[in-house]
Amino acid sequence: MDDGLDRGGSKDLRRLTPALKFLRPYTRQVVYASIALVVTAAATLSLGQGIKLVIDSGFASGDSDVLVDSISLFVAFVLVLTLGTFVRFYFVSWVGERISADIRRAVFSHLLHLHPGFFETNLPSEIQSRITTDTTLLQTVIGSSVSIALRNVLMFFGGTTLLFFTNAKLSLIVVASVPFVVFPVIYFGRRVRQLSRISQDRLADVGSYAGESLRHIKVVQAFNHQPIDEETFGERVDAALAVSIKRIYQRSVLVAIVMLLVFGAVATMLWVGGQDVLAGKTTAGDLAAFIFYAFIVAGSVGAISEVLSDLQRAAGATERLIELLESPSDIIEKADAGDLASKRVSLALQNVEFSYPSRAETKVIDGVSFSIEPGEMVALVGPSGSGKSTLFDLIQRFYEPDRGAITMNGNELGDLKLSAVRGAVGFVPQDAVLFSGSIRDNLIYAQADASDEDIATALDLAHARQFVEDLPAGLDTRMGEDGVGLSGGQRQRLAIARALLCEPAILLLDEATSALDAESENHIRMSIEGLKGQMTILVIAHRLSTVRQADRILVLEQGRVIDSGSHDELMRSSELYARFAKIQFAA
Ligand code: ATP
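Calculation notes
Residues numbered from 1 in each chain as written. Predicted model: local features only at pLDDT ≥ 70, side-chain atom pairs only at ≥ 80, totals over all residues. Heavy atoms only, no water. Helix = DSSP H or I, 4+ residues; strand = E, 2+ residues; numbered from the N terminus. Buried < 20%, exposed > 50% of the residue type's maximum accessible area, 1.4 Å probe, protein only. Axes fitted to C-alpha atoms, helices over the stretch in contact; angles between N-to-C directions. Left-handed = near helix turned anticlockwise from the far one by under 90°. Contact = heavy atoms within 4.5 Å. Nonpolar A, V, L, I, M, F, W, Y, C, P; charged D, E, K, R; others polar. Pairing = 2+ DSSP bridges. Domains from an automatic or database assignment. Near = heavy atom within 4 Å. Polar contact = N/O pair within 3.5 Å; in protein donor to acceptor, adjacent residues only side chain to side chain. Areas by Shrake-Rupley, 256 points an atom, 1.4 Å probe, with all protein chains shown as cover. Core = buried A, V, L, I, M, F, W, Y, C linked by side-chain atoms within 4.5 Å. Patch = residues over 30% accessible without salt bridge, like charges linked within 9 Å, V, L, I, M, F, W, Y side chains within 5 Å. Salt bridge = Lys/Arg side-chain N within 4 Å of Asp/Glu carboxyl O. Lys, Arg positive; Asp, Glu negative; His and termini not counted. Charge placed at Lys NZ, Arg CZ, Asp CG, Glu CD. Parallel < 35°, antiparallel > 145°, perpendicular 65-115°, else oblique.

Now for unusual backbone geometry. For residues besides glycine, phi is generally negative; the peptide bonds are generally trans as well. Of note in the backbone geometry, Asn224 takes a positive phi value of approximately 45 degrees without being a glycine. On the secondary structure map, Asn224 appears in the loop between helix H7 (217-222) and helix H8 (226-278). Of the residues examined, Asn224 reaches a relative accessible area of 59% and is grouped as exposed. A positive phi angle is found at Arg397, which is not glycine, with a value near 55 degrees. Within the element layout of this structure, Arg397 appears in the loop between helix H10 (388-395) and strand S4 (403-408).

Below, the structure written as structure tokens:
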């Protein structure tokens, strides 16, 4: 994954700051949580004094009333602690969930408006995992790790102060042992982090392999490819497992070493402190309180080192999410962009040149000029790869031409609102893309307020009404993802109906060669005949019937318009067209 987007964690925790922007709406909840955080930390630290009180005043005094008082105080501490913990936990988790939801929404909204080319270099499957896993990571961190870290920082400083306050000599033993704990934590912690990054990458490999195979399950099974897939998948799972086990080992070593050192220090303290108690230099309550604080301090160091890696991973996740959120779109709408005044739209290309950014050296469109009057029907013909679909992309402003201009009613596309350009165009792609949902959902995709009458008219025009009515639930028949459950020809006709429902000024039709049977094709031909004159039609034609219908034919070869005219004219005048027509339209 060398797209620069997957970099695991980040050492620099400042990278988390962009996420703070998302905290702002929830200041109130953050304040509640912070107050609870300070209160619980203070209450926990006070518990040490409570223990001291119970042991020294309660037990030592031999007076049961004092014991009752001490225990009552202790119970009050515990109550405050319980309530504070509830408030802190609830609000911190609440904020974490909210923020991850907000970030998900913000990233998705931003992505929806990016230029389509962005998704050629940044694979949608990877982005999808980033929206889910990276935001989940951030949610864990904001919803727990940050609060754990802050609580333990408070506990560390409070505990250390109280340690010295309780017994300075013993405290020095604790302080002296700190480097012995911290060094292995840092050393092994780093290795654990490196390994968890590699492990994430391996896991992503596993996920993408499974996704691809299952999406194309018919091809997998048709070629009896299962054994190979099982083996390759198994290898990837094993690779992920191997890294995870290495990580678990390092982590176990880390935990064991920390335990050993911490309890070694505690034993030393007990030994030294116990002697002081025996000698009457300190009280048993003081020693108990001291040990309590020592545990708190050691525990806080442990907890901070634990969540530090979470925080670093979250910093990496934030960086990647912000990178997505700040990716600029290559297609920019001008501040003063206008609308198209008329529903009748002419289209013109002047000397348009274009290369795909990923293949800058190849001119896919090489100086194309033509214009189409409102209501005119023009057919584009040309060999595969000559740039026909690319022209459609340029007309919808999915890409910007490198040179030349594309205009609608004389306005350059760049001077029009994107919604105006795309609203003027009804696009029927060659592979009719439908979404999961009902047929009605798909038809009203761009026209949410369409009436049943409008839908019926559009279905009639696309010759799709009969088959929709024949379906068990009619318009409300639900389809799987990508329109699973319908034939290619049915999908194609629904795509046409969807485009017509918006009453577009310009119809861009990428004619499917194979999806339609002769009868449906004939009906669609008649529909187009009916639309002629009402809207500007540009059709990528694969059939003689369509070509004959067009007012004009443009012959495209290697990104250039080499001839134009009617079918009969071109058959006479253009040797290339004649040759092409003979092969293409032979059937
Ligand atoms: P067909 O009839 O087979 O659909 P076409 O005439 O519509 O072909 P285009 O899809 O416009 O051809 O492709 C024109 C050229 O641009 C081809 O050589 C193709 O390889 C290249 N091309 C298409 N899409 C991209 C892309 N996203 N990035 C780089 N090159 C591309």
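A word on the packing of helix H3 (residues 64-112) against helix H9 (residues 284-326). Angle between the axes and distance between the axes: these two values describe a pair of packed helices. At a closest axis distance of 8 Å, the pairing of H3 and H9 adopts a crossing angle of 35 degrees. Two packed elements cross with a definite hand, and for H3 against H9 that hand is left-handed. Side by side, H3 and H9 meet where Ile103, Ala106, Val107, His110 and Leu111 of the first sit next to Leu321, Leu324, Leu325 and Glu326 of the second. Its residues assigned to classes, the contact of H3 with H9 comprises seven nonpolar, one polar and one charged.

What the six strands build is an open sheet, ordered S6-S9-S10-S3-S11-S12; its pairing is mixed. For this open sheet the edge positions go to strand S6 (425-428) and strand S12 (560-565), each flanked by a neighbour on one side alone. This sheet shows a mean twist of 20 degrees between the axes of neighbouring strands, independent of strand direction. Relative to strand S9 (residues 506-510), S6 runs parallel, the two sharing four bridges. Residue pairing in the sheet places Val428 in a bridge with Leu509 of S9. Packed onto the sheet, helix H19 (residues 575-584) meets strand S3 (377-381), strand S11 (552-557) and S12 and runs at close to 90 degrees relative to S11.

Quick look at the domain arrangement of the protein chain now. Interface size is commonly expressed as the accessible surface area that is lost when the partners come together. Domain annotation for the protein chain reports domain 1 (13-325) and domain 2 (347-583). With centres defined by C-alpha atoms, the gap from domain 1 to domain 2 works out at 55 Å.

Let's shift gears to the site of the ligand. The environment of the ligand is formed by 13 residues, the closest being Ser384, Gly385, Lys388, Ser389 and Thr390. Take Thr390: an N or O atom from its side chain is 2.5 Å from an oxygen atom of the ligand. Relative to its unbound accessible area of 640 Å², the ligand is 69% covered by the protein chains. Looking at the shell around the ligand residue by residue, the classes come out as three nonpolar, seven polar and three charged.

We now examine the side chain of Thr44. Tracing the backbone shows Thr44 in helix H2 (residues 27-61). Taking relative accessible area as the criterion, Thr44 reaches 14% and is therefore assigned buried. A polar side-chain atom of Thr44 sits 2.6 Å from the main-chain carbonyl oxygen of Thr40. The contacts of Thr44, once residues within four sequence positions are left out, are Leu81, Met155, Phe292 and Ile296.

Bringing the nonpolar core into the picture now. In terms of nonpolar packing, the biggest core is built from 47 residues, with Val381, Leu443, Leu459, Leu494 and Tyr577 touching the most fellow members. Broken down by element, this core gets its largest block of residues, seven residues, from helix H15 (residues 488-501). With residues near it in sequence (within four places) discarded, Leu459 still touches Leu443, Ala464, Arg465, Val468, Leu475, Leu494 and Ala497.

Sheet strands associate in pairs through backbone hydrogen bonding, adopting either a parallel or an antiparallel arrangement. Overall, antiparallel pairing links the four strands, which are arranged S2-S1-S4-S5 in an open sheet. The outermost strands of the open sheet, each flanked by one partner alone, are strand S2 (365-372) and strand S5 (411-412). Examined bridge by bridge, strand S1 (residues 347-354) and S2 share six bridges and lie antiparallel to one another. Paired with Val352 across the two strands is Val368, which belongs to S2. The strands touched by H10 are S1, S2 and S4; relative to S1, the strand with the most contacts, the crossing angle is about 115 degrees.

For the rest of this paragraph, the subject is a negative patch on the surface. Negative charge collects at one region of the surface, where Asp449, Glu453, Asp454 and Glu503 lie side by side. Within the secondary structure, Glu453 is located in helix H13 (residues 452-461). The class of Glu453 is exposed, set by a relative accessible area of 63%.

The N-to-C vectors of helix H6 (residues 168-215) and H8 enclose an angle of 170 degrees; their axes lie 9 Å apart at closest approach. Between H6 and H8, the interaxial angle falls into the category roughly antiparallel.

What follows deals with the side chain of Thr282. Looking at the secondary structure, you find Thr282 in the loop between H8 and H9. Looking at Thr282, the relative accessible area reads 15%, which means it is buried. Residues in contact with Thr282, not counting those within four places in the same chain, are Gly273, Asp276 and Val277.

Let's shift gears to the pairing of strand S10 (residues 536-540). For S10, the buried fraction is high: five of the five residues fall into the buried class. Here S10 shows a buried face lined by Thr536, Leu538 and Ile540 and a second buried face lined by Ile537 and Val539. Examined bridge by bridge, S3 and S10 share four bridges and lie parallel to one another. Following the sheet pairing, Met377 is matched in S10 by Ile537. Note: S9 against S10, five bridges, orientation parallel. Looking at the pairing, Leu508 lines up with Leu538 of S10.

In the structure shown here, the tally under the stated rule is 18 salt bridges. Asp366 is paired through a salt bridge with Arg560; the nearest N and O atoms lie 3.8 Å apart. Note that Asp366 is positioned in strand S2 and Arg560 in strand S12, a separation of 194 residues in sequence. Asp366 sits in the partly exposed class, given a relative accessible area of 22%. Judged by relative accessible area, Arg560 falls into the partly exposed class, the value being 40%. For Arg440, the salt bridge is made with Asp476, and the minimal N-O distance between the two is 3.4 Å. In this pair, Arg440 sits in helix H12 (residues 439-443) while Asp476 sits in the loop between helix H14 (465-470) and strand S8 (478-479), placing the two residues 36 residues apart along the sequence.

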